[in-house]
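Tertiary structure, described
Below, each chain spelled out in residue letters.
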Amino acid sequence: MPPEPKETSPCQDKPDDEQHTESTDENETPANGEEEIDLEDATEEMLELNNRLDSLSTVLDSIEQQNDDLRAQILLLLDSQRETLKSFKEENSRMAGKGAEPTDSDEPMQQS
């Protein structure tokens, strides 16, 4: 038999103000027995963690920039060394072509 128009569910009997106050309250102890989480402390911890992560990110960016700078300097040094070695080899071959013996029979830039 269908309900009469005057009948309503128990939730609908309460005024709107009471329905909103019955919703989960932040100060209530959870029914499952877990500890209540203090949102204010958690927010402060999250802000502190966020600040630390920002600091780490800044430091890592700085290290990465220094690494890039060192790599660029090393590449310039290697190019310079190649050019120097090439010029020494050309000078050696010119001296050998003129008939003058080089002062050293091995490569001029030989390192041990």
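Structural notes, computed from the coordinates. (Residues numbered from 1 in each chain as written. Predicted model: local features only at pLDDT ≥ 70, side-chain atom pairs only at ≥ 80, totals over all residues. Heavy atoms only, no water.)

1. A few points about the overall build of the protein
Helix and strand content of the protein: three helices and zero strands. Listing every helix and strand of the protein by position from the N terminus yields α-α-α. Relative to its full complement of 112 residues, the protein shows a buried share of 0%. Here the protein displays about 11,000 Å² of accessible surface, and carbon together with sulfur accounts for 51% of that area. (Helix = DSSP H or I, 4+ residues; strand = E, 2+ residues; numbered from the N terminus. Buried < 20%, exposed > 50% of the residue type's maximum accessible area, 1.4 Å probe, protein only. Areas by Shrake-Rupley, 256 points an atom, 1.4 Å probe, with all protein chains shown as cover.)

2. Considerations on helix α3 (residues 39–97)
In a regular helix each residue adds 1.5 Å, so 59 residues correspond to 87 Å; α3 covers 85 Å between its end C-alpha atoms and thus fits that length. Directly after α3, the chain includes Gly-99, whose backbone phi takes a positive value near 100 degrees. (Expected span 1.5 Å × (residues − 1).)

3. Let's talk about the pattern of salt bridges
According to the stated counting rule, one finds two salt bridges in the structure shown. Put simply, Glu-48 and Arg-52 hold a salt bridge, and the shortest N to O gap is 3.3 Å. With Glu-48 and Arg-52 both in helix α3 and four residues apart, the pair spans about one turn of that helix. A salt bridge links Arg-82 to Asp-79, with the shortest nitrogen-to-oxygen separation between them at 3.1 Å. With Arg-82 and Asp-79 both in helix α3, this residue pair falls three residues apart, about one helical turn. (Salt bridge = Lys/Arg side-chain N within 4 Å of Asp/Glu carboxyl O.)

4. Overview of a negative patch on the surface
A cluster of acidic residues, Asp-38, Glu-40, Asp-41, Glu-44 and Glu-45, forms a negative patch on the protein surface. Turning to its location among the elements, Asp-41 is positioned in helix α3. By relative accessible area, which is 38% here, Asp-41 ends up partly exposed. (Patch = residues over 30% accessible without salt bridge, like charges linked within 9 Å, V, L, I, M, F, W, Y side chains within 5 Å. Lys, Arg positive; Asp, Glu negative; His and termini not counted. Charge placed at Lys NZ, Arg CZ, Asp CG, Glu CD.)

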